[in-house]
2 protein chains.
Amino acid sequence: MPEQVTVIGGSGALGSGLALRLAAAGVAVVIGSRDEGRAGEAAGRVRAKVDGADVRGAANGPAAEASEVVFLCVPFRNQSETLTNLKGHLREGQLVVDATVPLAAAVSGRASRMLGVWQGSAAQQAAEMVPDGVRVVAALHTVNAPALGDLAATLDEDVLVCGDRRADKARAALLIELVPGLRCVDGGRLEMARIAESLTAMLIGVNARYKTHAGVRLTGLGDRPW
Amino acid sequence: MPEQVTVIGGSGALGSGLALRLAAAGVAVVIGSRDEGRAGEAAGRVRAKVDGADVRGAANGPAAEASEVVFLCVPFRNQSETLTNLKGHLREGQLVVDATVPLAAAVSGRASRMLGVWQGSAAQQAAEMVPDGVRVVAALHTVNAPALGDLAATLDEDVLVCGDRRADKARAALLIELVPGLRCVDGGRLEMARIAESLTAMLIGVNARYKTHAGVRLTGLGDRPW
């Protein structure tokens, strides 16, 4: 520390919220977007809210090259295309933290329904698509984007982190836990991401019924679940 | 109230725990088991722990006939057979609360993996198999059976209740919330049960890693989520 991370899809709802919260925690952030101009505008919005924020925008490719940890916060309908376009930019040793949720909304279905992904989950699709040696963990699915993007909103929830290497999960967790109110829990291997992803669909329904921003918390884990 | 409920699979881990907790809350319980003798023994164990408990055992068929609300707490490998055998015993107007989780352990796979159920979830399979007019809601999947079965254990978690009729979910929730520490949350339509069911597989993995009995809690719902 101070570490720098990249947020691909950083001009979107979840990505911009994550960039804002990490910047507020003192992390340097490179916001990636398909359009460099939009990335720059998103970076400007973060700097306007966080005094002294070290945030800049870039096109997805250069943004992905810039940091060792790359958060992928794009809608499912763009995940595959984004990863295809990043093949020449990601390199061995980088860690991709995939937050993609394959909601049926991607094909004009209900946001409370999921698409079946052949690999089992969006995260496993990501793992299949990244260049050799790039590791993937899955996280952040259930975090409400508007709440994340509002520094005045109090977060109080867990983030289920799934991945095949404990060290990769811990690295992602250390960054995510810089956001006040987010606690990371080891959700198991990357294949378990399908469960964390689908929980998002249920929370979207809960949010609609209860007019709230629900989060998930696992009880019974004691003080230091990570 | 005082209401009577039936717990099919009431001699198993989850079922016997539920019977114990409901009996301790003053609910009359009929424990159903394939073997009438085992049902009677399970009832005796509850009576030994709860002074004045109104609990009796019966074979599954008569047990299912005895109450308007029937909890189905059998392993997935027995769910279909059990429901086939109950076809002549369940009747229109009854409410079945299905707690079945299609863990891969049913076919000697990992308990942290799920089987794909053609209908989408074990609960939807149950809804397909019950006689016309019998309603099905899904609940209780994520509640740890040993913790439920230990009156000294403090529960502190939510129960995701899924079903197609709000009134049915509310009826199940009122009963379940008689158990101290369990709060019911409307998880959406019955089709959402696949998510609540799969969350159980993740909790099983979490329990193994953290050596605990984890539960799930949704944050942000305020004081009265039901």
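Placed above this text is the structure.
Only a predicted model underlies this, so the values are computations on that prediction, with no experimental measurement involved.

Draft legend 1. Broad picture of the sheet that holds strand 8 (residues 182-188) of chain B. All names here are of chain B. In spatial order, the strands read 3-2-1-4-5-6-7-8; together these eight strands make up an open sheet with mixed pairing. The outermost strands of the open sheet, each flanked by one partner alone, are strand 3 (55-59) and strand 8. Averaged over neighbouring strand pairs, the angle between their axes works out to 25° when direction is ignored. Two elements, strand 5 (residues 95-98) and strand 6 (residues 135-138), share four bridges in a ladder whose sense is parallel.

Draft legend 2. Fine view of the pairing of strand 9 (residues 215-219) of chain A. Of all five residues making up strand 9 of chain A, five are buried, and the element is well covered by its neighbours. Residues Gly215(A), Arg217(A) and Thr219(A) line one face of strand 9 of chain A and the alternating positions Val216(A) and Leu218(A) line the opposite face, and both faces are buried. Sheet analysis places strand 9 of chain A next to strand 9 (residues 215-219) of chain B, joined by five bridges and oriented antiparallel. For Arg217(A), the partnering residue across the bridge sits in strand 9 of chain B and is Arg217(B).

Draft legend 3. Summary view of the relation of the copies chain B and chain A. Superposing chain B onto chain A takes a rotation of 180° combined with a translation of 0.0 Å along the rotation axis, leaving an RMSD of 0.0 Å. In the structure described here, the two chain copies are related by an operation that fits a two-fold rotation axis. Among all residues of chain B, the one whose C-alpha sits closest to the rotation axis is Arg217(B), at a distance of 2.5 Å. Looking at the interface residues of chain B, 100% of them are also at the interface in chain A, so both copies use one shared face.

Draft legend 4. Looking closely at the side chain of Thr100(B). All names here are of chain B. Here Thr100 lies in the loop between strand 5 and helix 5 (122-129). Relative accessible area serves as the criterion here: at 0%, Thr100 is assigned to the buried category. At a separation of 3.5 Å, a polar atom in the side chain of Thr100 contacts the side chain of Gln79. Reaching out from Thr100, the side chain makes a polar contact with the side chain of Asp98 at a distance of 2.6 Å. Setting aside residues up to four positions removed in sequence, Thr100 forms contacts with Leu72, Val74, Pro75, Phe76, Gln79, Ala122, His141 and Glu197.

Draft legend 5. Broad picture of a positive patch on the surface. Taken together, the side chains of Arg34(A), Arg38(A), Arg45(A) and Lys49(A) make up a positively charged region of the molecular surface. The residue Arg38(A) is located in helix 2 (residues 36-49) in this model.

Draft legend 6. The pairing of strand 6 of chain B, seen in detail. All names here are of chain B. Note that the unit made of strand 5, helix 5 and strand 6 has a crossover that is right-handed. In the sheet, strand 6 pairs with strand 7 (residues 157-163) via two bridges, with the strands oriented antiparallel. Counterpart to Ala138 in the pairing with strand 7 is Cys162.

The rules behind each value
- Residues numbered from 1 in each chain as written.
- Chains lettered and ligands numbered in written order.
- Predicted model: local features only at pLDDT ≥ 70, side-chain atom pairs only at ≥ 80, totals over all residues.
- Heavy atoms only, no water.
- Pairing = 2+ DSSP bridges.
- Helix = DSSP H or I, 4+ residues; strand = E, 2+ residues; numbered from the N terminus.
- Axes fitted to C-alpha atoms, helices over the stretch in contact; angles between N-to-C directions.
- Buried < 20%, exposed > 50% of the residue type's maximum accessible area, 1.4 Å probe, protein only.
- Least-squares fit on C-alpha atoms with pLDDT ≥ 70 in both.
- Contact = heavy atoms within 4.5 Å.
- Polar contact = N/O pair within 3.5 Å; in protein donor to acceptor, adjacent residues only side chain to side chain.
- Patch = residues over 30% accessible without salt bridge, like charges linked within 9 Å, V, L, I, M, F, W, Y side chains within 5 Å.
- Areas by Shrake-Rupley, 256 points an atom, 1.4 Å probe, with all protein chains shown as cover.
- Salt bridge = Lys/Arg side-chain N within 4 Å of Asp/Glu carboxyl O.
- Lys, Arg positive; Asp, Glu negative; His and termini not counted.
- Charge placed at Lys NZ, Arg CZ, Asp CG, Glu CD.
- Right-handed = clockwise from strand over helix to strand, strands pointing away.

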